[in-house]
Amino acid sequence: METTESRADASDNPNNGSSGDDNTSLENNHPPPLLPPTSAPSLVGTESDNIFPDSTLQTTGESIELPLPAPDNADAGLPAPRKRRRRKKQFPEMISSAAAVNGLRVIRHKSGNRSAEEIDGYGDDDPSRRRRISSDLDVESLIAISVGFPVDSLTEEEIEANVVKTIGGTDQSNYIVVRNHILARWRSNVDIWMTRDHAFESIRVEHTNLVDSAYSFLLEHGYINFGLAAAVKEAKLKSPEGSSRGDVIVIGAGLAGLVAARQLIFLGFKAVILEGRTRPGGRVRTKKMSGGDCVAAADLGGSVLTGINGNPLGVLARQLGFPLHKVRDICPLYLPNGKTVNPEIDSKVEASFNKLLDRVCKLRQSMMEEAKSIDVPLGTALEAFRQVYRVAEDPQEKMLLDWHLANLEYANATLMSNLSMVFWDQDDPFEMGGDHCFIPGGNDRFIRALAENLPIFYNRTVESIRYGSDGVLVYANGKEYHADMVLCTVPLGVLKKRSIEFVPDLPQRKKDAIERLGFGLLNKVALLFPYDFWGGEIDTFGHLSDKSSMRGEFFLFYSYSSVSGGPLLVALVAGEAAIQFEQMSPVESVKKVMEILKGIFNPKGIAVPDPLQVICTRWGQDQFTYGSYSYVGIGSSGDDYDILAESIGDGRVFFGGEATNKQYPATMHGAFLSGLREAANMLRVDKRRRSKSNNTNRSLTFPEKKLFENPDSSFGNLRVLTDLGSVNLESSFFVTSWIQMEIT
């Protein structure tokens, strides 16, 4: 074997209980996002289907490898499992629009005395046709809501873009219908490049201005015509004719950086990515594991698409033809002695846990009404209510409650004592609906496709960003890069460590937000076995601990056999255990995991073979992350995500990544959407700057255009010059002391 280290509503009393009907997932898909499952097994389509001998220890930056011996064969099986709901979200008073999507409630836009279908130009005297049109509009509204648009108002982005002349009037109502129609039409076929002419079809000519406005907004902000379909890729790597915009340096080749760079190039910018690692993807990392005849792809970071409705990663999966595996919500739990948890006790404790959260929610509402500045740890509040209502006093019940708390710590990547009771789940109202899914083969398939043909310079660890009225200077590995603007997409953990110097310093407002927001830790142990001994009918099973402080240690196992290409198990380490895990020897960690597995399966007559290869992550020690994903700490709120997203230096320095996305923090799709958001923000600033100046676009550093006749290298439509006489383009990176790019 080889080991690698990689970095309930029935009453107020929680003891009275039924589990209720709340299906909301516990997990937020925080960047190593592994959401607890939601429904029965199957391979599902994507978004459109749901809607409209010797051990050696090598330490490297991301991994430690240990060869281990291979095993014998055995039969498999698990006891009859039960379905288990995961509950994280606790803002019922704010979820009306989200509930409308999940419950398919009919929503209609009205303007004066006329219904939406009339003002949109669909009006017809035939009642049956009007009913069909009304139904179509309901679907279009639901699609718009699923991607984050409000039901009957404009977003801040739309208001800033002046999509209509008068806010709140008839034009706004008409615009919303037109916008939703264009959006829904592209979402029905994401393999095409939707042109402006397509947008005009089926809309009356008198609404030309609204169509122009809606189409331009949706296109520039990445709501339509994004992704990796052949037609989209071809268009994205060509800037619009006659549009030559500024030069942009993107720091970080994670999801946010890759998506932003693609969109910036399409919008007419010259963009280059500086990446500190020797690979793209950031916290999305898929590692090929192998041993004997077995091979599997293990997602060591972000892994689950959390809610497929409206999810841009679901769009990418459709475009690339990737099947989605719906994560099944059957999760048997096992005691420390390996015995299955009593189903009745299991149900009772789960219901009590949910009711404790309900009590905390009510307390929070009272506190917010009377003293908005007061905050306490979520863990403190839950423990207080547990003692008051005498919940889980029996040892087995206490272990079960600890398991649910560990699951909550996993969802937030931190200890309960670090979470804000008031705002820990502030992103609830925006949660995307639909199934939680795995991508067979791992999420690196997305990364490779997104990175294709982009100018990425690897092994470029950024040391400082200097900005002023004339542009920005970025220093990396002793080299200097000049540009008009810079987009910083490094994780919050890097900002907290102050690994990058900003000159001038960051505004105090942003520094305070960086300090208040939390950046937590989740680790994984991925084990490749010679065969699947645990059975293929489930995707998860859990293990209880008799030590509360270590309740998150290997508390949940994910089976990736159906999606990884081989018999792969991944054990999660959350909370305090995730911190202690990074101080342990990987050999000791693997030994503990194997003891748990043998304790569960050996009494059933199932032999547990030795793994062929093991990988242990160490995300907290990774100098490019210093953790896993963000959370709302005590004294923080969702506003801090917005503050992190604010540009500085009069539109010179911009920020992206999951920790800048208030609606979808700690998720892969949150990072993706932040990249599109910042590309649009840069376009807006560039337009404003050019409207105030008659100066033409300046080049990066080198004036002699004729040099581009023989560029040193090219990436898609970008030509790159270096000061080196020759460059090995097959290597993972190459050095430049100055570069200049030109769109061809």
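Scroll up for the structure.
Per chain, residue numbering runs from 1 following the sequence as it is written. Totals for whole chains, interfaces and linings use every residue, but because this is a predicted model, local features are given only for residues with pLDDT of at least 70 and side-chain atom pairs only at 80 or more, for both listing and counting. With hydrogens and water set aside, each side-chain value is computed from the structure's full complement of heavy atoms.

**Some points on the packing of aromatic side chains**
Next, step 1: Pairing of aromatic rings covers Phe, Tyr and Trp, the last counted by its six-membered ring, and requires centre-to-centre distances within 6.5 Å; plane angles under 30 degrees mean stacked, over 60 mean edge-to-face, and any other angle means tilted. This model, assessed by the stated rule, comprises 21 aromatic pairs.
Next, step 2: The interplanar angle of 20° and the centroid separation of 6.0 Å between the aromatic rings of F217 and Y223 together place this pair among those described as stacked. Each member of the pair F217 and Y223 is classed as buried.
Next, step 3: Ring centres of F438 and Y558 lie 6.0 Å apart, and the angle between their planes is 75°; on these two criteria the pair is classed as edge-to-face. One end of the pair, F438, is in strand 14 (residues 436-438); the other, Y558, is in strand 24 (residues 553-559), with 120 residues separating them in the sequence.
Next, step 4: In textbook terms, an aromatic cluster arises when at least three aromatic residues are bridged by ring pairs, as seen for Y334, F529, F533, W534, F541, F557 and F601.
Next, step 5: Lysine and arginine charges are scored as sitting over a ring when NZ or CZ, respectively, is within 6 Å of the ring centre and within 35 degrees of the ring normal. The ring of F655 has K510 lying over it, and the distance from NZ or CZ to the ring centre is 4.2 Å.
Next, step 6: We note R618 situated over the ring of F581; from NZ or CZ to the ring centre the distance is 4.3 Å. Using a 1.4 Å probe on the protein chains alone, a residue whose accessible area is under 20% of its type maximum counts as buried, one over 50% counts as exposed, and one in between counts as partly exposed. Helix and strand definitions follow DSSP, with helices as H or I runs of at least four residues and strands as E runs of at least two, each counted in order from the N terminus.

**What to know about the sheet that holds strand 18 (residues 479-483)**
Next, step 1: The strand order across the open sheet built from four strands is 18-17-16-20, with neighbouring strands paired in mixed fashion. Edge positions in the sheet fall to strand 18 and strand 20 (501-503), since each has one partner strand and no second. Averaged over all pairs of adjacent strands, the angle between strand axes in this sheet comes to 15°, irrespective of strand direction. Two strands are counted as paired when DSSP detects at least two bridges linking them. To obtain each axis, a line is fitted to C-alpha atoms, and for helices this fit is confined to the stretch in contact; angles are then taken between N-to-C directions over 0 to 180 degrees.

**What to know about the sheet that holds strand 7 (residues 247-251)**
Next, step 1: On the basis of which strands lie adjacent, the open sheet formed by five strands has the order 15-8-7-19-28 and parallel pairing. Pairing within the sheet leaves two strands with one partner each, and these edge strands are strand 15 (456-457) and strand 28 (653-655).
Next, step 2: Where helix 10 (residues 255-266) meets the sheet, its contacts fall on strand 7, strand 8 (270-274), strand 15 and strand 19 (485-488), and the angle it forms with strand 8 comes to roughly 165°. In what follows, residue pairs with any heavy atoms lying within 4.5 Å of each other are defined as contacts.

**A short note on the pairing of strand 17 (residues 471-476)**
Next, step 1: By the bridge criterion, six bridges tie strand 16 (residues 462-468) to strand 17 in an arrangement that is antiparallel. Among the inter-strand pairings, Y467 is bridged to a residue of strand 17, identified as V472.
Next, step 2: Note that strand 17 and strand 18 share five bridges and pair antiparallel. Paired with V474 across the strands is Y481, a residue of strand 18.
Next, step 3: Joining the antiparallel neighbours strand 17 and strand 18 is a turn of two residues, in which N477 adopts a positive phi near 50°.

**Notes on helix 14 (residues 395-412)**
Side chains of residues three or four places apart in an α-helix project in the same direction, reflecting 3.6 residues per turn.
Next, step 1: Taking 1.5 Å as the rise per residue, helix 14 with 18 residues should run 26 Å; its terminal C-alpha atoms sit 26 Å apart, in good agreement.
Next, step 2: When you tally the buried positions in helix 14, you get 16 out of 18 residues, the bulk of the element.
Next, step 3: Two N or O atoms form a polar contact when they lie within 3.5 Å of each other; inside protein one atom must be a possible hydrogen donor and the other a possible acceptor, and for residues adjacent in sequence the pair counts only when both atoms belong to side chains. A distance of 2.9 Å separates the backbone nitrogen of Q396 from a side-chain oxygen at the start of helix 14, and that oxygen is part of D394.
Next, step 4: Directly beyond the C-terminal end of helix 14, a positive phi value near 60° is found at A413. To estimate how far a helix should extend, the number of its residues minus one is multiplied by 1.5 Å.

**Considering the packing of helix 11 (residues 312-320) against helix 22 (residues 668-691)**
Packed helix pairs are characterised by how far apart their axes lie and by the angle those axes make with each other.
Next, step 1: Direction vectors running N to C along helix 11 and helix 22 enclose 90°, while the axes themselves pass 8 Å from each other. Here helix 22 runs roughly perpendicular to helix 11, going by the angle between their axes. Contact residues: helix 11 offers P312, L313 and L316, while helix 22 offers M668, H669, F672 and L673.
Next, step 2: Amino acid classes used here: Ala, Val, Leu, Ile, Met, Phe, Trp, Tyr, Cys and Pro are nonpolar; Asp, Glu, Lys and Arg are charged; the rest, including Gly, are polar. Of the residues assigned to the contact of helix 11 with helix 22, the class counts are six nonpolar, one polar and no charged. Angles are sorted into four bins: roughly parallel if under 35 degrees, roughly antiparallel if over 145, roughly perpendicular if 65 to 115, and oblique for all others.

**So, the packing of helix 11 against helix 15 (residues 444-451)**
Next, step 1: One can describe the packing of helix 11 onto helix 15 by two numbers: an axis separation of 11 Å at closest approach and a directional angle of 80°. In terms of orientation, helix 11 lies roughly perpendicular with respect to helix 15. Taking contact as the criterion, the partners of L313, L316, A317 and L320 in helix 11 are, on helix 15, F446, A449 and L450.
Next, step 2: Within the contact of helix 11 with helix 15, the residues separate by chemical class into seven nonpolar, no polar and no charged.

**Comments concerning the side chain of H221**
Next, step 1: Inspection of the secondary structure puts H221 in the loop between helix 8 (208-220) and helix 9 (230-236).
Next, step 2: Those residues within four positions of H221 in sequence are excluded, and the remaining contacts are E157, Q263, L676 and A680.

**Quick notes on the nonpolar core**
Next, step 1: Residues grouped as a nonpolar core are buried Ala, Val, Leu, Ile, Met, Phe, Trp, Tyr and Cys residues, joined through side-chain atoms within 4.5 Å. Within the largest apolar cluster, 75 residues are counted, with the highest numbers of intra-cluster contacts made by Y175, I182, L183 and L258.
Next, step 2: Per-element accounting of this core gives the leading share, nine residues, to helix 10.
Next, step 3: Apart from residues no more than four positions distant in its own chain, I182 is found in contact with M194, A199, V211, A214, Y215, L218 and I224.
Next, step 4: Counting 57 residues, the second-largest nonpolar core is a separate cluster that includes Y389, V422, F555 and A666.

**Quick word on helix 15**
Next, step 1: Among the eight residues in helix 15, six count as buried, and that is most of the element.
Next, step 2: Buried residues in helix 15 make contact with helix 10, strand 9 (286-291), strand 10 (294-299), strand 11 (305-306), helix 11 and strand 15.
Next, step 3: Looking at the residues trailing helix 15, positive phi occurs at N453, about 65°.

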